[in-house]
Amino acid sequence: MGDGADTDGADAGGAGSDGAGSPDWREYFGFPEPYENQADAVESAMQAGRARGYLAMEGPCGTGKTMAALTAGAALVRGGDYERVLVVTPVKQQRRQFVEDLRTMNAGLEEPLRGVSLTGKRDLCPYGREEVFGDTSTHDRCEDLRENTAGLVESEGTSDDRPAAEAAVPGAAEDVWWDPQRGADLAAAARPDAAGQRTLAEESLSTAGATSPYRHSQPAAPADMSDGEDDGPLYCPFEADWYARNRGSPVGFAVGEHGVVTPEEYLPAATERGTCPHRVMSVLLEAAEVVVGNYNHLFDPDSRPLLASILDEDTFVVVDEAHRLEERVRDLLSDRLGRATLVRARNDCASLLTRAREGEDRRSQIADRLASHEVSLDAVERARDFYDDVIGWLDDRVAAYLVEEHGPEWRADPRTLPERDREVPLRDPETVERDELTEWAEREGYTGADWRTLPAVGAAVEETLSELGERSAVAAGVGVLLRRWYEADHAASFRELELEHAPADERAVGEPWQAAYTAGLVRFECMPGESLRDIFDELGGGVLMSATLAPLSVFTEVSGLEALRREGRPVIERSYGLPFPEENRASWLVDAEPFTAHNRGDPAEQADPDGWNRTRDEYAHALRTLARSPGNVMLALPNYREARWAGDYLREAVDKPVLVDESSSNEATERLKRDFFAGEGKVLVTSTRGTLTEGVDYDGDKLGLCAVVGVPLVNIGSPRVRAVRRAYADAFGEDRAFEYALTVPAVRRARQAIGRVIRGTEERGVRALVGRRYVPGARHSVFEYLSPAERAEFVRMTPDFLADKLRTFWASDG
């Protein structure tokens, strides 16, 4: 059994107790025998699911969390408790693992579970993939083409005139507004032979190794289907074919291995059959018993509509890598509205007003179009003025901030401004109050009604401009963002200006500061737990799991689960230890002076070892000893500046290649990983908050030692961090704010890093947490935030003992 316990206190049916007629979960388990703790994980998940509650589960590598969650979900679905399982994970590699484990499970089932893996529209659109759209956004172009196609396939008769559609869609009646034959005719008109081509292959659009029935160029509607116009609107034949099939899919689960279809199967299959791959995916997910997606599909308000039909009490959800939940959902719920986009929205309104002045007939036409949206020309003019004034306010506020920070001299040469991103808070982060922009707007006479009508005005402007031939408007989306700015709670949402360092080259510059920065309005979500609680409440139950969730009491609070528990829904907690042989690993707490900014000083001012203070000198000794450990060594410092310091020192101090990571592109990071894994042992120095300490599988002999130096806290002086602390203090209590907002996430980062070392039963390695704050009983100790198993296993020592302990460990047989 695990180290954790069911802390709900309510009788949820008992772990492992099957309901009447429910199948034994072992029928669905994909392997001969479960790992240690895996059976308990399955039964705990089923217990939570049957009670319409949630399991919060910490299980390190080797627990078998993926198969355990899928097994529990499969038994619940086939037992009639749920209709489907929805899996979401932010890691592409983990999505592949869920698919692989589901296929393994299905291989042993007489009736496999129908499964589908989701991906984004940009990855599925044949035209977008082959760059037929040019520089235009695939998402935006697809939306335009879908709208055009829907208009072209619309039936001209009543529902009684559409027997073919109704026959194919039983019970649809009034909902069947399209004409399948018009869809088939449009699809046929896009074939190469319809355009007089000699052979299909000469002009056919191909992608993902599949050839479509359509020519490569974008088709325009034939004259006889577009009110007699010679040059009808552009449309999508893949979309038209979907309507021709009465919005069904010619691709089924049989195209996937063991009944599980992924984009690698349904993209080429749909392309060859001439049907939109994204629509095929949507049809498949409606019929699937297991749906595998990413966090965006469930937590992003803009992406969630894809899953709207299955987000209900009949869905059992599995949230993987749940230690990332708080941070990732905070990003998804936050908004950024760039100045350039504001200008485009202003220009959308101005352009329509200009067109309305072309003559009385044009004005009447535009007014009628707007009236169909219950929007007037006066409202468009009011929106234009509002956008114009907001842009002016933003420019003045940025200039005033830079003068306050750097004096007026920067105007003479903006290149002297700091080469870093800047935050300009629009309220005191420590005080819950309205922001400067909202208060300014009120003084200028803009009311709540002005903010709230912006989305409707923007949508009317966009549609009217589209009908006039202008298709790149943004006013609708901008209106939505500004309405959220106005309506969002001021405690849970923090508002600020963000200046991104982006030196102007060919970019047009109006204000002097634009030579150094691009500016935007940011609404930063401080309390993602409130939205998470609402999302989890609409689902039937599920599992939230990760290798690093401790302390589970904190996780359940910030993830919204505790709020559900207070409302009567059960929440079960489980924590399991590392299942691999303990003799194969050494786990140390190195008791050195706390590696805080105050203690260590500025690395730039201590380049010469003779000038190091006591703390930096002590850590140099520890790092040198750790770096000399056999094989590959990863040293994770609190930030990239300290990583550069450590790398510069170790290049002179150890007889091993030393690689230094820095904030860089994905391509550069991949090159660094390849260099680290190739050849003899090396030292990799990085930031604990970087990309190499989490989500990378250092299996086999790729990593023999990982040491985390110091507690990797984020910048506690950042306005956003201060605002989060304030919001957490209001929600959870002043005494818990720093712990919940900063300390626990930092320790999880450290635990993720040391978790890279031991990934299999035969692997050996050393895990070290370096710094007194990791030691129990120390001032500001974070020892209590380790898992129960880690607290029992990690051994305290001083840096002086490191060398002997390393020699002893590597000399032993394990």
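Our structure is the block above this text.
Keep in mind that this is a model prediction, so the values were computed, not measured.

### Structural notes on empty space enclosed by the protein
For the structure on display, the rule yields three cavities of 30 Å³ or more. When its volume is computed, the largest cavity comes out at roughly 130 Å³. Taken together, 15 residues form the lining of the largest cavity, with Cys125, Cys142, Arg146, Cys236 and Cys276 sitting closest to its centre. When contributions to the lining of the largest cavity are tallied by element, the ones reaching two or more residues are helix H4 (121–124), helix H5 (126–129), helix H6 (138–153), helix H10 (237–244) and helix H12 (277–287). Sort the elements by how many residues they give to the lining of the largest cavity and H6 lands first, with three residues. A per-class count over the lining of the largest cavity returns eleven nonpolar, one polar and three charged.

### Thoughts on the sheet that holds strand E12 (residues 517–525)
The strand order across the open sheet formed by four strands is E9-E12-E11-E10, and the pairing between neighbours is antiparallel. In this open sheet, the two edge strands, each paired with only one partner strand, are strand E9 (335–338) and strand E10 (422–425). Ignoring which end each strand starts from, the neighbouring axes of this sheet average 25° apart. Looking at chain direction, E9 and E12 are connected through four bridges and run antiparallel. When the sheet's bridge partners are listed, leucine 337 is paired in E12 with leucine 521. Relative to E10, helix H17 (residues 377–406) is tilted by about 110°, and along the sheet it contacts E10, strand E11 (493–501) and E12.

### Here's the deal with the pattern of salt bridges
A side chain with one charge may pair with a side chain of the opposite charge, provided their charged atoms come close. In total, this model carries 67 salt bridges according to the counting rule given. As a salt-bridge pair, aspartate 144 and arginine 141 come within 4.0 Å of each other at their nearest N and O atoms. With aspartate 144 and arginine 141 both in helix H6 and three residues apart, the pair spans about one turn of that helix. The two residues aspartate 144 and arginine 141 agree in class, both being buried. Arginine 600 is the partner of glutamate 642 in a salt bridge, and the nearest nitrogen-oxygen pair spans 2.9 Å. Note that glutamate 642 is positioned in helix H26 (residues 640–653) and arginine 600 in helix H24 (residues 597–600), a separation of 42 residues in sequence. By the burial criterion, glutamate 642 is buried, and arginine 600 matches it. Through salt bridges with shared partners, one network takes in Arg336, Glu423, Glu496, Glu498, Glu500 and Arg720.

Reading the values: rules and limits
- Residues numbered from 1 in each chain as written.
- Predicted model: local features only at pLDDT ≥ 70, side-chain atom pairs only at ≥ 80, totals over all residues.
- Heavy atoms only, no water.
- 1 Å grid on protein atoms, 1.4 Å probe; cavity = no way out; pocket = protein on both sides within 12 Å on 5 of 7 lines; lining within 4 Å.
- Points joined across faces, edges and corners; volume = space filled by probe spheres on them.
- Helix = DSSP H or I, 4+ residues; strand = E, 2+ residues; numbered from the N terminus.
- Nonpolar A, V, L, I, M, F, W, Y, C, P; charged D, E, K, R; others polar.
- Pairing = 2+ DSSP bridges.
- Axes fitted to C-alpha atoms, helices over the stretch in contact; angles between N-to-C directions.
- Contact = heavy atoms within 4.5 Å.
- Salt bridge = Lys/Arg side-chain N within 4 Å of Asp/Glu carboxyl O.
- Buried < 20%, exposed > 50% of the residue type's maximum accessible area, 1.4 Å probe, protein only.

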